[in-house]
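Each chain, written out:
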Amino acid sequence: MDGPDDSDPGLAGLSPEFQAMLGGLSGHTAAFAQMLEKRTKASKEVEKEKDDEVYLESYADLAIHEEMLKDTERVKAYRTAIEHFGPTWAEATVVDVGAGTGLLSVFISRAGARKVVAIEASRLSHFLKKVVEENSCSVEVHECLAEDLSLPEKVDAIVSEWMGYCLLFENMLPSVLAVRDQYLKPGGLMLPSKCRLLLAPIQDDHWRQQKVDFWHRVQGIDMSPLMPLATASFCGIPQHHVIDPEKILAPGTCIFEADLHSVQLADLEAFERSLSVCVPSDRRLDGFVAWFECDFAGAATLSTAPSAAATHWKQTAFYLRQPIGGGVEVKGSVSFQKHPSFSRGYQVSFDLQAPGRKARSEGYELR
């Protein structure tokens, strides 16, 4: 008796007609997959264009520029760095990416740069031209996206105030890198030159009392049914405000850093860092606070830390929905991921564990 035949004839074992039908189905499936891929790509491009329009329209509002111009720490850092390098720019071309009202462009021109190129994509570019003319500055204004900039020559330095809340919100850095990759000369200067994002654990009794515990009882009325909603509403989104240094439980940990001369777009897509926090027995963990620091090639520094002078960026706090009591070591990780539907935002996740406590995951959207 013959043994069992384990060989698989595959398509060869099928009739030519059936093979042809399968081949046709395979072709249709591949074509359908390609069509879906094109539609998905087109949809994302449309969403990005809409995000860009909203972003640029917000920067056509003078109020946001007033806030930035009144930020003395911000202005001081840039002015100090520009004036430091100005004497070396007598034969240089310097680009200001996202020039806004033209303050930095005028600083660069007055510091001695041979040529200044100001890029501004919002409607404010019309007034930017008038500002540089009024101040008799040699500034060439380009009303375009940084990615669409067209120059006949390479440049010696790029200056840009691209930082957003929590450093990366608004996602302007890719625009700066687009100019860098296309136009910066080898060995050219980036201002700021380096940046890093830090995170520290906090206990914030006042905030939690004002935003969550407040709803326990209001004007003698039991409103505790609203406390879960308050928790979801206020602890579910990042809070941008000034944090008292006394609320910090441990020194900040660097969770992201970049050298602006070499950082790549892929580095901005996602990053993750481990966390370890020893919560004292007489304290509790309410959440985490983030801030950033920038270095201007050794000429100046800018810090938005709770211990530094306040800036318009303030700090960004991520409050846990339920605090973690003291006397434990909390371990876990924090991750940042580019937002899947909002091109200028991020999704932030915390995964935390503590002995004898239930593991938890907390998610937030920077958008």
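Residues numbered from 1 in each chain as written. Predicted model: local features only at pLDDT ≥ 70, side-chain atom pairs only at ≥ 80, totals over all residues. Heavy atoms only, no water.

Peer 1: How should I be thinking about the sheet that holds strand β2 (residues 115–119) in this particular structure?
Peer 2: The strands that make up a sheet are held in pairs by hydrogen bonds between backbone atoms, and each pair lies either parallel or antiparallel. Sheet architecture is open: 5 strands sit in the order β3-β2-β1-β4-β5, paired in parallel fashion. At either end of the open sheet lies a strand with only one pairing partner, and these are β3 (139–142) and β5 (184–191). Ignoring which end each strand starts from, the neighbouring axes of this sheet average 20 degrees apart. For strand β4 (residues 155–160) and β5, the ladder comprises 4 bridges, and the chain directions are parallel. Residue pairing in the sheet places Ile 158 in a bridge with Met 190 of β5. Strands in contact with helix α6 (residues 173–183) are β1 (93–97), β2, β4 and β5; relative to β5, the strand with the most contacts, it is inclined by about 155 degrees. (Pairing = 2+ DSSP bridges. Helix = DSSP H or I, 4+ residues; strand = E, 2+ residues; numbered from the N terminus. Axes fitted to C-alpha atoms, helices over the stretch in contact; angles between N-to-C directions. Contact = heavy atoms within 4.5 Å.)

Peer 1: Could you clarify how one ought to interpret empty space enclosed by the protein in this entry?
Peer 2: Where empty space is left can be seen by rolling a probe of water-molecule size over the atoms. Under the definition given, this model contains 1 cavity of 30 Å³ or more. What lines the largest cavity is Gly 164, Tyr 165, Cys 166, Ala 290, Trp 291, Phe 292, Thr 304, Trp 313, Lys 314, Gln 315 and Thr 316. If you list the elements that add at least two residues to the lining of the largest cavity, you get β12 (284–295) and β14 (315–325). Sort the elements by how many residues they give to the lining of the largest cavity and β12 lands first, with 3 residues. In the lining of the largest cavity, the residues fall into 6 nonpolar, 4 polar and 1 charged. (1 Å grid on protein atoms, 1.4 Å probe; cavity = no way out; pocket = protein on both sides within 12 Å on 5 of 7 lines; lining within 4 Å. Points joined across faces, edges and corners; volume = space filled by probe spheres on them. Nonpolar A, V, L, I, M, F, W, Y, C, P; charged D, E, K, R; others polar.)

Peer 1: Which parts of the structure should I look at to understand the packing of aromatic side chains?
Peer 2: For any pair of aromatic rings, the description consists of the separation of the ring centres together with the inter-plane angle of the planes. As enumerated under the stated definition, the model contains 12 aromatic pairs in all. Taking 5.0 Å as the distance between ring centres and 10 degrees as the angle between the ring planes, the aromatic pair formed by Phe 288 and Phe 350 counts as stacked. In this pair, Phe 288 sits in strand β12 while Phe 350 sits in strand β16 (residues 346–353), placing the two residues 62 residues apart along the sequence. Members of the aromatic cluster, each reached through a chain of ring pairs, are Phe 256, Phe 271, Phe 336 and Tyr 346. Here the guanidinium or amino end of Lys 211 rests over the ring plane of Phe 234, the centre of that ring lying 5.0 Å away. Over the aromatic face of Tyr 364 sits the side chain of Arg 321, whose NZ or CZ is 5.6 Å from the ring centroid. (Phe/Tyr/Trp six-rings, centres within 6.5 Å; stacked < 30°, edge-to-face > 60°. Lys NZ or Arg CZ within 6 Å of the ring centre and 35° of its normal.)

Peer 1: For this particular structure, what's the right way to read the pattern of salt bridges?
Peer 2: Any two side chains of opposite charge can pair, given that their charged atoms come close. Considering all chains together, one arrives at 17 salt bridges under this definition. In this structure, the salt-bridge partner of Glu 153 is Lys 115, at a minimum N-O distance of 3.4 Å. Of this pair, Glu 153 sits in the loop between β3 and β4 while Lys 115 sits in strand β2, and the two are 38 residues apart along the sequence. We note a salt bridge from Lys 338 to Glu 269, for which the minimum N-O separation is 3.7 Å. Taken together, the positions of Lys 338 in strand β15 (residues 328–338) and Glu 269 in helix α9 (residues 265–269) put the pair 69 residues apart, joining distant regions of the chain. Classification of Glu 269 as partly exposed rests on a relative accessible area of 39%. Within the structure, one salt-bridge network assembled from shared partners comprises Arg 114, Lys 115, Glu 140 and Glu 153. (Salt bridge = Lys/Arg side-chain N within 4 Å of Asp/Glu carboxyl O. Buried < 20%, exposed > 50% of the residue type's maximum accessible area, 1.4 Å probe, protein only.)

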